[in-house]
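Working through the structure, step by step
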Amino acid sequence: MNWKPYRPRQRKLESREQVDRGRKKRQMAKLCKLSEEMVGQFLSRLPPKALMRFKCIHKSWYSLITSPSFIAKNLSNSKNNKFASTTRILFKRTVLKDIKDKNEIFYVLRDNNNDRRDIFLSLLDLCNDNDGDDQNLHSVVDDLIVPLPFSICPFSLQIAGHCDGLICLVNIVNEEVALCNPAIKEFKFLPRSSLLLPRRHPEDDDGIESDVNAVGFGYDSKTQDYKIVRVITYITGIAYTLPSKAEVYTLSSHSWREIKIDKECHVFWTPSFEMHFRGIYYWSALTYPTPGADKEAIFAFDMSEETFEEIPIPDGICARDGIIKFLAVWKESVVLISCKGDGPKSFDIWVMGDASGIKGSWTKHLVIGPIACEIPLVFWKSDELLLVISDGRVVSYHLGNQTIKYLPIHGVEDPQYIQAVVCVSSMISVKGNHKVEACIDTSIE
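Treat the numbers as computed from the prediction; the structure is a model and nothing was measured. (Residues numbered from 1 in each chain as written. Predicted model: local features only at pLDDT ≥ 70, side-chain atom pairs only at ≥ 80, totals over all residues. Heavy atoms only, no water.)

**Digging into the overall build of the protein chain**
We apply this condition: Only DSSP runs of H or I with at least four residues qualify as helices, and only runs of E with at least two residues qualify as strands; both kinds are numbered from the N terminus onward. Relative accessibility thresholds used throughout: buried, under 20% of the residue-type maximum; exposed, over 50%; partly exposed, between the two (1.4 Å probe, protein chains only). Residue exposure ignores everything except the shown protein chains as possible cover, and the areas themselves are Shrake-Rupley values with a 1.4 Å probe.
Of the regular secondary structure elements, the protein chain holds 6 helices and 25 strands. By the burial criterion, 47% of the 445 residues in the protein chain qualify as buried. Total accessible area on the protein chain is roughly 24200 Å²; 52% of this is exposed by carbon and sulfur atoms.

Listed below in structure tokens is the structure:
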């Protein structure tokens, strides 16, 4: 028998690419060993910006992150995080492109050509611990460019409510309504309603014309659905008003349906007034208790019951007396802020007494100021109020030591058109099915 000498098998050297591929497979195997519950707990505490990237790592992660139960858990963690180091504020503002001549600003803002300006939804995370001596509040600004046709005119775009990271936008000129989630950069136009009539011809004095009088967005806790309510008025002849109609849009159905409205009033836009809080949406309005007489009030809509209510305002703070009013949330209560219109302002804070938020009485709680500012925006802490000063800059006013700190936010439009809301970040899709079907590339370098 011929024995062959033993020769050890030559091990084939692996390329660097193969080594890396093998390492990644071992790392993925370790990750797969983690229980789905542990992965879900870890991911649910991350912000949407990170989750949008993590969806691409593995199919199982994509399925988890886009599931309704995970989205609800992520939202709950975001809203109830008592150890959060920052508070998220969203601003609506206008920024010019290379405009140095101040005389051009007004014409650029009025011009329908938006090549020389942008309307931003700016997300800003403010540090909750800002007790230092620095006069500036430092933060990174994440800007979302508002797309056409909403960005045609800065004065026609309004925030009509926010809830759980979703923002409702209204263009009062072309009567378009849209929902937006700035955290995941998702945008959705709503279908046009059949209650809206086409514009009548200027020479048609007998025709009927519709006008959107009020829009509000909020959450219905009973059906666990997001809703938009819209009130439409009708005019025939020169100034004869017909009964109003109302309708509700639900995110789950992506459609409008008519609802009953048994109260006639006229909602008028007021800076820093309209808002949603705990299932109720509020507007500033004129009511008509008797024919030929009007009275200032707050008009409210209950998202769950789908009913309208009138809330009286405190005596002696009417616009006829030169008083300006704003609405806000302070220490988990609805508050009415009133002041005289000219010069440095002293703000009276009236707290709504009824916890239901509908037919409450008002109690004057404190006076803030005087402060050299234009309008208040929002309370972002119990002792910090955001204000807009005359040059369009946003500042934070401390109620205790009466000091101000500047934010890296500035708008070029009239200060009354700058809006701000305290919000949370969420993965809720405005598409209604919790899937990100389309995103807007809005990164600003």
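**Comments concerning the sheet that holds strand β19 (residues 345-352)**
The following threshold applies: Strands are treated as partners if at least two bridges between them are detected by DSSP. Note on method: axes are straight lines fitted to C-alpha atoms, helices fitted across the in-contact stretch only, with angles between N-to-C directions ranging 0 to 180 degrees.
Strand order across the open sheet formed by 4 strands is β17-β18-β19-β20, with antiparallel pairing between neighbours. Looking at the sheet topology across the chains shown, the edges are occupied by β17 (323-330) and β20 (362-371). Pairwise comparison of adjacent strand axes, ignoring direction, gives a mean angle of 25° for this sheet. Here strand β18 (residues 333-340) pairs with β19 via 4 bridges, running antiparallel. Bridge pairing links I337 to I349 in β19.

**Considering the sheet that holds strand β7 (residues 186-189)**
If you trace the 4 strands from one edge of the open sheet to the other, you get β4-β5-β6-β7, paired in antiparallel fashion. Bordering the open sheet on either side are β4 (157-163) and β7, each of which pairs with just one other strand. Strand-to-strand twist across the sheet, computed as the mean angle between neighbouring axes with direction ignored, equals 25°.

**Description of the packing of aromatic side chains**
Using the following cut-off: Centre distance within 6.5 Å is the pairing criterion for rings of Phe, Tyr and Trp, where only the six-membered ring of Trp is used; planes under 30 degrees apart are then read as stacked, over 60 as edge-to-face, and the remainder as tilted.
For the structure on display, the rule yields 11 aromatic pairs. Ring geometry for F54 versus W61: centroids 6.1 Å apart, planes at 75°, classification edge-to-face. A relative accessible area of 16% means that W61 is categorised as buried. Centre to centre, the rings of Y281 and W283 are 5.0 Å apart; their planes meet at 55°, and the pair counts as tilted. Accessibility assignment for this pair places Y281 and W283 in one class, buried.

**A closer look at the pairing of β18**
For β18, the tally of buried residues reaches 6 of 8 residues, placing the bulk of the element in the interior. In sequence, β17 turns back onto β18 through a hairpin of 2 residues, with K331 there showing a positive phi of about 50°. The loop that links β18 with its antiparallel partner β19 comprises 4 residues; one of these, G343, has a positive phi angle of about 70°.

**Re the pairing of strand β6 (residues 176-181)**
Note on strand geometry: in a regular strand, side chains alternate between the two faces of the sheet. Counting buried residues in β6 gives 5 out of 6 residues, a clear majority hidden from the surface. Across 5 bridges, the pairing between strand β5 (residues 166-171) and β6 is antiparallel. Bridge pairing in β6 links I167 to C180. A loop of 4 residues connects β6 with β7, the two strands running antiparallel in sequence, and K185 in this loop sits at a positive phi of about 55°.

**A look at empty space enclosed by the protein**
The following threshold applies: Cavities and pockets are found on a 1 Å grid laid over the protein atoms alone: a cavity is a set of points where a 1.4 Å probe fits but cannot escape, a pocket is an open set with protein on both sides within 12 Å along at least five of seven lines, and a lining residue has an atom within 4 Å of such a point. Grid points are joined across faces, edges and corners, and a volume is the space filled by probe spheres set on the points. In the scheme used here, Gly and all other residues not listed as nonpolar or charged are polar, with Ala, Val, Leu, Ile, Met, Phe, Trp, Tyr, Cys and Pro taken as nonpolar and Asp, Glu, Lys and Arg as charged.
In the structure shown here, the tally under the stated rule is 3 cavities of 30 Å³ or more. The volume enclosed by the largest cavity comes to roughly 40 Å³. Looking at the largest cavity, the residues that line it are R88, L123, G165, I167, P182, A183, C423, V424 and S425. A per-class count over the lining of the largest cavity returns 6 nonpolar, 2 polar and 1 charged.

**Topic: unusual backbone geometry**
Residue P370 is bonded to the preceding G369 through a cis peptide linkage, with omega at 10°. With respect to the helices and strands, the residue P370 is situated in strand β20. In this model, H254 sits at a positive phi of 55°, which is unusual for a non-glycine residue.

**Regarding helix α5 (residues 68-79)**
This is how it is decided: One fewer than the residue count of a helix, multiplied by 1.5 Å, yields its expected span. The directions from the helix axis to the C-beta atoms are what the arc is built from.
Here α5 contains 12 residues, and its C-alpha end-to-end distance of 17 Å stays within 8% of the 16 Å for a straight helix at 1.5 Å per residue. Here α5 has its buried residues at F70, I71, N74, L75 and N77. End-on, the buried residues of α5 take up no more than an arc of 160°, which puts them together on one face. Residues of α5 that are exposed and point more than 90 degrees away from the buried face comprise P68 and S69.

**So, the side chain of R93**
Selection rule: For this analysis, a polar contact is any N or O atom pair within 3.5 Å, provided that within protein one partner can donate a hydrogen and the other can accept it, and provided that sequence-adjacent residues contribute only side-chain to side-chain pairs. The contact definition used throughout considers only heavy atoms, calling two residues in contact when any of these lie within 4.5 Å.
Relative to the helices and strands, R93 resides in strand β1 (residues 86-96). A distance of 2.8 Å separates polar atoms of two side chains, one belonging to R93 and the other to S122. Excluding residues within four positions of it along the chain, R93 makes contact with D118, I119, F120, S122, V141, D143, I409, H410, G411 and E413.

**Some details on the environment of K364**
Among the structural elements, K364 can be located in strand β20. Its relative accessible area of 43% is what places K364 among the partly exposed residues. Along the sequence, K364 and M352 sit 12 residues apart, while their C-alpha atoms lie 9.1 Å from each other. The contacts of K364, once residues within four sequence positions are left out, are D348, I349 and W350.

**Here we look at the nonpolar core**
Convention followed: Nonpolar core, defined: a set of buried Ala, Val, Leu, Ile, Met, Phe, Trp, Tyr and Cys residues in which side-chain atoms within 4.5 Å join the residues together.
Residues L43, C168, L179, I228, W283 and F308 are the most contacted members of the largest nonpolar core, which totals 47 residues. When residues of this core are assigned to their parent elements, the largest contribution, 4 residues, is made by strand β9 (residues 225-236). Discounting chain neighbours no more than four positions away, the residues touching I228 are C168, V177, L179, L190, V215, G216, F217, E247, V248, Y249 and W256.

**Brief notes about the pattern of salt bridges**
Rules: Salt bridge, as applied in this entry: a Lys or Arg side-chain nitrogen positioned within 4 Å of an Asp or Glu carboxyl oxygen.
For the structure shown, the criterion picks out 14 salt bridges. The residue R192 makes a salt bridge to E175 at a minimum N-O spacing of 3.3 Å. Here R192, found in the loop between β7 and β8 (208-220), pairs with E175, found in the loop between β5 and β6; they are 17 residues apart in sequence, far enough to count as distant. Between D348 and K364 there is a salt bridge; the shortest N-O distance is 3.6 Å. Of this pair, D348 sits in strand β19 while K364 is found in strand β20, placing the two residues 16 residues apart along the sequence.

**Notes on the environment of Y397**
For Y397, the position within the fold is in strand β23 (residues 393-398). Sequence-wise, Y397 and P376 are 21 residues apart; in three dimensions their C-alpha atoms are separated by 9.7 Å. The residues touching Y397, leaving out its near neighbours within four places in the chain, are I368, G369, I371, D383, E384, L385, L387, Q402, T403 and I404.

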